[in-house]
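An overview of the molecular structure
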Amino acid sequence: MKILSIAIPCYNSEAYMEKCIESLLVGGEDVEILVVNDGSSDRTAEIADAYAEKYPTIVKAIHQENGGHGEAVNAGIRNATGLYFKVVDSDDWVNEEAYHQILKTLEELIRGPKTVDLLISNFVYEKQGADRKKVMQYRHCLPVNEIFEWNSVHMSRGKYLLMHSMIYRTKLLYECGLELPKHTFYVDNLFAFEPLPYVKNMYYLDVNFYRYFIGRSDQSVNEKVMTGRIDQQIKVNQIMTDYFVEKKSEIMGNKPLAKYMLSYLDIITTISSILLIRINTPESLEKKRELLNYIRQKDKKVYRKLRYGLLGNCMNLPGKTGRWISVEGYKICQKFFGFN
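Residues numbered from 1 in each chain as written. Predicted model: local features only at pLDDT ≥ 70, side-chain atom pairs only at ≥ 80, totals over all residues. Heavy atoms only, no water.

**Observations regarding the packing of helix H8 (residues 230–246) against helix H11 (residues 282–298)**
Note the threshold: Lines fitted to the C-alpha atoms define the axes, with helices restricted to the stretch that makes contact. Angles between their N-to-C directions range from 0 to 180 degrees. Secondary structure elements are defined from DSSP: runs of H or I of at least 4 residues count as helices, runs of E of at least 2 residues count as strands, and each element is numbered from the N terminus. Should an angle fall under 35 degrees it is taken as roughly parallel, and over 145 as roughly antiparallel, whereas 65 to 115 is taken as roughly perpendicular and any remaining angle as oblique. A clockwise turn of the near helix away from the far one marks a right-handed crossing, whereas an anticlockwise turn of less than a right angle marks a left-handed crossing. Working rule for contacts: check all heavy atoms of both residues, and any pair within 4.5 Å makes them a contact. Gly falls in the polar group here, along with every residue not listed as nonpolar (Ala, Val, Leu, Ile, Met, Phe, Trp, Tyr, Cys, Pro) or charged (Asp, Glu, Lys, Arg).
Two elements in contact, H8 and H11, have axes whose closest approach is 10 Å; the angle formed by their N-to-C orientations is 10 degrees. When the interaxial angle is binned, H8 and H11 end up roughly parallel. At the point where H8 passes H11, the crossing takes the right-handed sense. Judged by residue contacts, Asp231, Ile234, Asn237, Gln238, Thr241, Asp242 and Val245 of H8 engage Lys287, Leu291, Tyr294, Ile295 and Lys298 from H11. In terms of residue class, the contact of H8 with H11 is built from five nonpolar, three polar and four charged.

**Things to note about a nonpolar patch on the surface**
What counts is decided by this rule: The patch calculation keeps residues exceeding 30% relative accessible area without a salt bridge and links them within 9 Å when they carry like charges or within 5 Å when they are nonpolar (Val, Leu, Ile, Met, Phe, Trp, Tyr). Every accessible area reported is derived by Shrake-Rupley at a probe size of 1.4 Å, with residue values counting cover from the shown protein chains alone. Salt bridges are identified by distance alone: a Lys or Arg side-chain nitrogen within 4 Å of an Asp or Glu carboxyl oxygen.
A cluster of nonpolar side chains, namely Met1, Leu83 and Ile110, defines an oily patch on the protein surface of about 310 Å² accessible area. Here Met1 shows up in the segment before strand E1 (4–10).

**Observations regarding the pairing of strand E3 (residues 59–64)**
On a regular strand, each side chain points to the face opposite its neighbour's, so the side chains alternate between the two faces of the sheet. To keep it simple, the criterion reads: When DSSP finds at least two bridges between two strands, those strands are taken to pair. Handedness is read with the strands pointing away from the viewer; a crossover is right-handed when the path from the first strand over the helix to the second is clockwise.
Direction of pairing for strand E2 (residues 31–38) relative to E3: parallel, over a ladder of six bridges. Counterpart to Asn37 in the pairing with E3 is His63. At this point the chain moves from E2, through helix H2 (residues 44–54), to the parallel E3, and the crossover so formed is right-handed.

**Remarks on the side chain of Asn237**
Locating Asn237 in the fold gives a position in helix H8. Every residue in contact with Asn237, bar those within four places of it in the chain, is listed here: Leu265, Ile268, Thr269, Ser272 and Leu291.

**Brief notes about the pairing of E2**
Condition: Think of it in three bands: with a 1.4 Å probe and only protein chains considered, a residue is buried below 20% of the maximum accessible area for its type, exposed above 50%, and partly exposed in between.
E2 sits mainly inside the fold: eight of its eight residues count as buried. Along E2, one buried face is formed by Val31, Ile33, Val35 and Asn37 and the opposite face, lined by Glu32, Leu34, Val36 and Asp38, is buried too. With seven bridges connecting them, E1 and E2 associate as parallel partners. If you follow Pro9 over to E2, its bridge partner there is Val36. Regarding topology, helix H1 (residues 17–25) serves as the crossover connection from E1 to the parallel E2, and that connection is right-handed.

**Concerning the pattern of salt bridges**
Across all of its chains, the model carries 14 salt bridges by this definition. The closest approach of N and O atoms between Arg78 and Glu71, which form a salt bridge, is 2.9 Å. The buried category is assigned to Glu71, whose relative accessible area is 10%. Taking the shortest distance from any N to any O, the salt bridge between Asp242 and Lys298 comes out at 3.5 Å. Taken together, the residues Asp242 in helix H8 and Lys298 in helix H11 connect sequence positions 56 residues apart. Among the residues examined, Asp242 registers a relative accessible area of 26% and is labelled partly exposed. Accessibility expressed as a relative area gives 40% for Lys298, which makes it partly exposed. Several salt bridges share partner residues, and in doing so they unite Asp117, Arg169 and Glu175 into one network.

**So, H1**
Within H1 the residues assigned to the buried category are Met17, Cys20, Ile21, Ser23, Leu24 and Leu25. Check the buried side of H1 and you find it contacts E1, E2, H2, E3, strand E5 (93–94) and helix H4 (96–111).

**Details of the packing of aromatic side chains**
Put simply, the rule reads: When two rings of Phe, Tyr or Trp (its six-membered ring) have centres within 6.5 Å they constitute a pair, described as stacked for plane angles under 30 degrees, edge-to-face for angles over 60, and tilted for the intermediate range. To sit over a ring, a charge needs its Lys NZ or Arg CZ within 6 Å of the ring centre and within 35 degrees of the ring normal.
The tally for this structure, following the rule as stated, stands at 15 aromatic pairs. Between the aromatic rings of Phe185 and Tyr186, the centroid separation amounts to 6.1 Å while the plane-to-plane angle is 50 degrees, which identifies the pairing as tilted. By relative accessible area, which is 7% here, Tyr186 ends up buried. Between Tyr260 and Tyr264, the aromatic rings sit 6.2 Å apart at their centres with planes inclined by 55 degrees, giving tilted as the arrangement. Here the residue Tyr260 and the residue Tyr264 both occupy positions in helix H10 (residues 255–279), the gap between them amounting to four residues, near one helical turn. Residue classification places Tyr260 among the buried positions, given a relative accessible area of 5%. Linked through ring pairs, Trp150, Tyr160, Phe193, Tyr243, Tyr260 and Tyr264 together constitute an aromatic cluster. Here the guanidinium or amino end of Lys159 rests over the ring plane of Tyr138, the centre of that ring lying 5.5 Å away.

**Regarding the side chain of Lys248**
If you trace the backbone, Lys248 turns up in helix H9 (residues 248–252). Since its relative accessible area comes to 18%, Lys248 is described here as buried. The residues touching Lys248, leaving out its near neighbours within four places in the chain, are Asp299 and Lys301.

**Thoughts on unusual backbone geometry**
With phi around 50 degrees, Asn12 is a residue other than glycine that occupies positive phi space. The residue Asn12 is located in the loop between E1 and H1 in this model. The exposure class of Asn12 is partly exposed, given its relative accessible area of 25%. Phi is positive for Tyr186, close to 70 degrees, though the residue is something other than glycine.

Okay, here's the thing in structure tokens:
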């Protein structure tokens, strides 16, 4: 049985997918690489098939009609046979040394007495043109090199787990019924959010494993692209709200988990709000009000925590001056944290 299944969602990825696949092949027979061709019109399918033919015991090519990033991840989960599951986007890659440490650690955990639901590692923003690479690490928030539970998680504001830092136990993804929506952007937030109530034990390995490329003008995280797809961001924000409220009684029974998930929802709502402020049209400002009303109608307590917390207050300062202050604060955070 494979230790790790790695899904690579690919849509018209011919220009960069080989670098991604090559970086993962060094895992050898311990890994299963699932190259998911999501209805591409370029040479993506051909490249996927060539790797599957050359490495038949490691690479599997999956072809499907275009369903978006989420459906490509769904296909990866459905076809995974490894004990653990990771998503690596086709324009990203992994560090070889850290990769070997990840596989060694997973093997040791599998043989250990406790089941670990989530392995966490660092990722690096490979931002085009940046002199220094921003590393998202968690050594001050999580215990290092030991199995721990939610009561040992102490995330500071602005720190949260992304898909790039997470390796789930594969069966857990079946148990929680994770099914990402089709034709929807920003579903990586759902991947990093919805399984969490099912995560009991975690392990943090302080290595810079995942290399997250930022720089293509058509990337979904590019701010201009995000403002053009703001309805997709709002949709994911609403799905996360629905999920939190639906699971609220279960989540609230674990206070550290509830604190973290509410903080993550707060961050996503802040991103939605600041993008709508940045668009700065009567329609976008109305959508911002509608989003807050949506949350209030779902759960008044959740709404109050989001609306009147630090980030909520910063995103809802009155008038043009207030919106200007919100945007300037966002720009400062942008430079400090190094995101798009």
